[in-house]
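# Commentary on secondary and tertiary structure
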Amino acid sequence: MPELPEVETTRRRLLPHVVGRRIRDVVVRNGALRWPVPRELPRRLRGERVEAIRRRGKYLLFDCAHGHLLVHLGMSGRLTLVAADAPARTHDHVDLRLEGDKVLRLTDPRRFGAMLWLPRPAEGHVLLSGLGLEPLERAFTGSALHKAAKGRRLAVKQFLMDGRVVTGVGNIYASEALFRAGVHPVRGVDRIARASWDRIARAVKETLNHALEEGGTTLRDFASPDGRAGGYQHKRMVYGRDGEACSVCGRRIRCLRQGQRSTFYCPGCQK
DNA sequence: CTTTGCACCTGTTGGC
DNA sequence: TGCCAACAGGTGCAAA
């Protein structure tokens, strides 16, 4: 489910309700996530105050005095703030009971998400240390992409979805950004001109920022912590629109498979 | 080293 | 209507 805009929307909407609060208690109903929720997690978290919530790629980090709570939403995860007496439903796997009568609840039907306790500093953790550029930061440029592509030959769409290169760009926004850049998703990274890398970097930033302004994309079940859906699904140009006419050139949007993922593009606009 | 395909899991959808 | 295959927003890992 969630790519950078959805994770960042989640983070921003949690901030006012969670930062500064203590975690009173932790209830793990089903700890069988991507990695097992550590046995000691409730004991570690109990009594900790959340000092800040940060995002690295698609990971959320809840900074506490003695460590960090790391959360990944996987494919179908979501974090919501619910009332203390809200009954737990089928896929509500973990509750963090907060000071002030709210519960931060992790729901994740497919259980590809993760919840781990990291010693400080979190940056050194193996899951975070190899991550690539943050696409909304200044260092993410055409020349950085050009450099990262040196010696590689894979398709540009798969390159953009490689977290060692750039973090937070998933299947929806990779297709959308390449449409915006006018670059065909199958094009090999060894056959992309320097100027096109600049357009790709700019397109990724613009696409993600646009989606952020809309509060992310809700295709099936994304919702931010207050239960609100995103709005970017109404703005997308190609993702999930195969067969429809391109709103720029009128040609039919097409769909193909790259590495077991669907890719959407416009054969008229993308070369 | 890079690239590819599988694996994890549940729910929904579309074709027959 | 029922059944079953294919697919869904991610990503670490083994194999090629």
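All of the points below concern the structure found in this document.

Cut-offs and rules
Residues numbered from 1 in each chain as written. Chains lettered and ligands numbered in written order. Predicted model: local features only at pLDDT ≥ 70, side-chain atom pairs only at ≥ 80, totals over all residues. Heavy atoms only, no water. Helix = DSSP H or I, 4+ residues; strand = E, 2+ residues; numbered from the N terminus. Buried < 20%, exposed > 50% of the residue type's maximum accessible area, 1.4 Å probe, protein only. Near = heavy atom within 4 Å. Polar contact = N/O pair within 3.5 Å; in protein donor to acceptor, adjacent residues only side chain to side chain. Nonpolar A, V, L, I, M, F, W, Y, C, P; charged D, E, K, R; others polar. Pairing = 2+ DSSP bridges. Axes fitted to C-alpha atoms, helices over the stretch in contact; angles between N-to-C directions. Contact = heavy atoms within 4.5 Å. Parallel < 35°, antiparallel > 145°, perpendicular 65-115°, else oblique. Left-handed = near helix turned anticlockwise from the far one by under 90°. 1 Å grid on protein atoms, 1.4 Å probe; cavity = no way out; pocket = protein on both sides within 12 Å on 5 of 7 lines; lining within 4 Å. Points joined across faces, edges and corners; volume = space filled by probe spheres on them.

It is worth spelling out unusual backbone geometry at this point. Geometrically, the link from R120 to P121 is a cis peptide bond, its omega value of -5° lying close to zero. With respect to the helices, strands and loops of the structure, P121 is situated in the loop between strand 8 (114-118) and helix 3 (126-129). At D101, a residue that is not glycine, the phi angle is positive and equals roughly 75°. Note that D101 resides in the loop between strand 6 (92-98) and strand 7 (102-107). D101 gets classed as exposed once you look at its relative accessible area, which sits at 52%. The residue Q260 is not glycine, and still its phi comes out positive at about 65°. Residue placement: Q260 occurs in the loop between strand 9 (254-258) and strand 10 (261-265). Residue classification places Q260 among the exposed residues on the basis of a relative accessible area of 69%.

Our focus in this paragraph is the protein's contact with DNA strand C. Lining the immediate environment of DNA strand C, one finds 27 residues, of which M1, R220, Y239, R257 and S262 sit closest. Expressed as a percentage, the sugar and phosphate content of the atoms of DNA strand C within 4 Å of the protein is 59%. For DNA strand C, a phosphate oxygen lies 2.7 Å from a polar atom in the side chain of K58. A distance of 2.5 Å is found between a phosphate oxygen of DNA strand C and a side-chain nitrogen or oxygen belonging to R257. Of all elements in the fold, only helix 6 (171-181) and strand 10 reach the threshold of two or more residues within the surface near DNA strand C. When grouped by side-chain class, the residues that make up the surface near DNA strand C number 11 nonpolar, 6 polar and 10 charged.

Ordered by their spatial adjacency, 4 strands build an open sheet running 1-6-7-5, and the pairing between neighbours is antiparallel. In this open sheet, the two edge strands, each paired with only one partner strand, are strand 1 (23-28) and strand 5 (78-83). Taken over all neighbouring pairs, the strand axes of this sheet differ in orientation by 20° on average, direction set aside. Strand direction decides the pairing type here: strand 6 and strand 7, joined by 5 bridges, are antiparallel. Considered in strand 7, the bridge of D95 is made with R105.

Turning our attention to the environment of L81. Residue position: L81 is located in strand 5. Accessibility expressed as a relative area gives 16% for L81, which makes it buried. For L81 and G227, which are 146 residues apart along the polypeptide, the C-alpha to C-alpha distance reads 8.3 Å. Excluding residues within four positions of it along the chain, L81 makes contact with L14, H17, V18, L98, K102, V103, L104 and P225.

Moving on, we get to the packing of helix 6 against helix 7 (residues 194-213). Axis angle and axis distance: for two packed helices, these are the angle between their axes and the distance between the axes, and together they describe the pair. Their axes nearest at 8 Å, the elements helix 6 and helix 7 cross at an angle of 125°. Considering their axes alone, helix 6 and helix 7 lie oblique with respect to each other. Judged by the sense of rotation from one axis to the other, the crossing of helix 6 with helix 7 is right-handed. Together, Y173, E176, A177, L178, R180 and A181 of helix 6 and R199, I200, A203, V204, E206, T207, L208, H210 and A211 of helix 7 make up the contact between the two elements. Considered class by class, the residues forming the contact of helix 6 with helix 7 number 9 nonpolar, 2 polar and 4 charged.

The next point concerns the protein's contact with DNA strand B. In the vicinity of DNA strand B, the contacting residues are H91, P109, R110, R111, F112, R152, R153, L154 and Q260. Sugar and phosphate atoms form 61% of the subset of DNA strand B atoms that lie within 4 Å of the protein. Within the side chain of R110, an N or O atom sits 3.0 Å from a base oxygen of DNA strand B. Each residue belonging to the surface near DNA strand B can be placed in one class, and the counts come to 3 nonpolar, 2 polar and 4 charged.

Turning our attention to the sheet that holds strand 4 (residues 67-72). Strands sit in the order 2-3-4-8 across an open sheet of 4 strands; the sheet is antiparallel. This sheet does not close on itself; its edge strands, each paired only once, are strand 2 (52-56) and strand 8. Direction aside, the axes of adjacent strands within the sheet are offset by 20° on average. Judged from the 6 bridges that link them, strand 3 (residues 59-64) and strand 4 form a sheet pairing that is antiparallel. Bridge pairing links D63 to H68 in strand 4. The sheet contacts of helix 1 (residues 4-18) involve strand 2 and strand 3, and relative to strand 2 the element is tilted by about 175°.

If you add up the space inside the largest pocket, you get close to 1200 Å³. M1, K58, G74, M75 and R261 are the residues nearest the centre of the largest pocket, which is lined by 39 residues in total. Sorting the residues of the lining of the largest pocket by element identifies helix 6 and strand 10 as the ones contributing at least two each. Taken together, the residues of the lining of the largest pocket break down into 15 nonpolar, 12 polar and 12 charged. In this structure, the second largest pocket encloses a volume near 310 Å³. Lining the second largest pocket are 13 residues, and of these R78, T80, R89, D92 and T107 lie nearest its centre. Taken together, the elements giving at least two residues each to the lining of the second largest pocket come down to strand 5 and strand 7. Element by element, the count of residues in the lining of the second largest pocket is highest for strand 5, at 3 residues. Of the residues belonging to the lining of the second largest pocket, the class tally is 3 nonpolar, 5 polar and 5 charged.

The analysis is restricted to geometry; functional conclusions fall outside its scope.
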